[in-house]
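# Tertiary structure, described
Residue-level listing of the chains:
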Amino acid sequence: MTTVLSVETVGYFFGIDTIMSNIGERVAEYRRRAGLSQVDLAARVGMSQQGIQSIEAGESKNPRKILELARALGVTPEFLKTGLRRLDAPVSPLPTPPSSAQIDYVKVIGEVAAGTWREVSYTEFEAYDIPLPVDSRWRKEDVFALVVRGNSINRQARDGSFVLCLQVYAAPRDLDDGDWVVVERLRGDMIETTVKRAVRLSDGRFALRPDSDDPKFQDDIILDADTCDGDDIVKVSAFVLEFIRPATRF
């Protein structure tokens, strides 16, 4: 006997979205799920409201900011483009939805600075609290902030900016393409703490990539199954939820 599966059943088993047939419908649906207006989403990805409107209307088939859109909506770029996703992948975004954010005091526990190595036992940084909007989904003890030092991610966050972080064990999913993460590299009794963007390679591994216009900070760290990069032990310790950037400086 031949069993004929409906389109909806095939979609369920293979993670295919059969309801939203194009990228515009997926952007519109997941924007609404995130509690964002077109203006809110445009601000998060660096586009105009008219640009978002054009995508959702189906007038823009291949948006140039697909990675930023995916991150703001909490999905993968592949899902936005094709409707395919892992069945266990979340559909709610990691960035803070305005409706569930509340101002809370977050502890700043250290610095991120590519190229700066400190002893593992280093304890001279004095932690302090700053008020930040925090998603109510996260437990207070799982959220912290770090200060950015240097130019290794100066396209995203300049020296003196803050990154709001969620401990990796508290996140609702595993590492995915486009995520911003806190990376710790251990070399003997020395440690370097940086922020990188995860880029999925064709072989399934991740490259942890800086985002800088400084020639000194252009090299990827390859995250293998054994979490080693040469002689260094590499660990992704947290997801970056938000970049808190200073605006005008005088």
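In what follows, the structure referred to is the one given above.
Note that the structure is predicted; figures quoted are calculated from it, not measured.

What counts as what
Residues take numbers from 1 onward in each chain, read along the sequence in its written order. The predicted origin of the model limits local features to residues at a pLDDT of at least 70 and limits the giving and counting of side-chain atom pairs to 80 or more, whereas totals for whole chains, interfaces and linings rest on all residues. The basis for every side-chain value is the complete set of non-hydrogen atoms in the structure, without hydrogens or water. The axes are straight lines fitted to the C-alpha atoms, using for helices just the contacting stretch, and the angles between their N-to-C directions are given from 0 to 180°. By definition, any uninterrupted DSSP run of H or I lasting at least four residues is a helix, any uninterrupted run of E lasting at least two residues is a strand, and each is numbered from the N terminus. Small angles under 35 degrees read as roughly parallel and large ones over 145 as roughly antiparallel, with 65 to 115 read as roughly perpendicular and the rest as oblique. Here a residue-residue contact requires only that any non-hydrogen atoms of the pair lie within 4.5 Å. Amino acids outside the nonpolar list (Ala, Val, Leu, Ile, Met, Phe, Trp, Tyr, Cys, Pro) and the charged list (Asp, Glu, Lys, Arg) are all regarded as polar, and Gly is one of them. Classification of ring pairs uses Phe, Tyr and Trp, with its six-membered ring standing for Trp, and accepts pairs whose centres are within 6.5 Å; under 30 degrees between planes counts as stacked, over 60 as edge-to-face, and the remaining range as tilted. Per-residue accessibility, obtained with a 1.4 Å probe over protein chains only, is compared with the maximum for each type, and a residue is labelled buried under 20%, exposed over 50%, and partly exposed between these values.

With their axes 8 Å apart at the nearest point, helix 3 (residues 38-45) and helix 4 (residues 49-56) run at an angle of 110° to one another. The angle between the axes of helix 3 and helix 4 places the two elements in the roughly perpendicular class. Contacts between helix 3 and helix 4 involve Q38, V39, L41, A42 and V45 from the first element and Q49, I52, Q53 and E56 from the second. Of the residues assigned to the contact of helix 3 with helix 4, the class counts are five nonpolar, three polar and one charged.

One pass over the structure, following the stated rule, counts three aromatic pairs. Centroid distance Y30 to F79: 5.2 Å. Interplanar angle 80°. Geometry classified as edge-to-face. Within this pair, whereas Y30 is found in helix 2 (residues 23-33), its partner F79 is found in helix 6 (residues 77-82), the two being separated by 49 residues in sequence. Residues Y30 and F79 agree in their burial class; the two are buried. Residues W180 and F243 carry aromatic rings whose centres are separated by 5.2 Å and whose planes lie at 90° to one another, so their mutual orientation is edge-to-face. With W180 in strand 6 (residues 180-187) and F243 in strand 11 (residues 232-244), this pair connects stretches of sequence that are 63 residues apart. Each of the two residues, W180 as well as F243, counts as buried.

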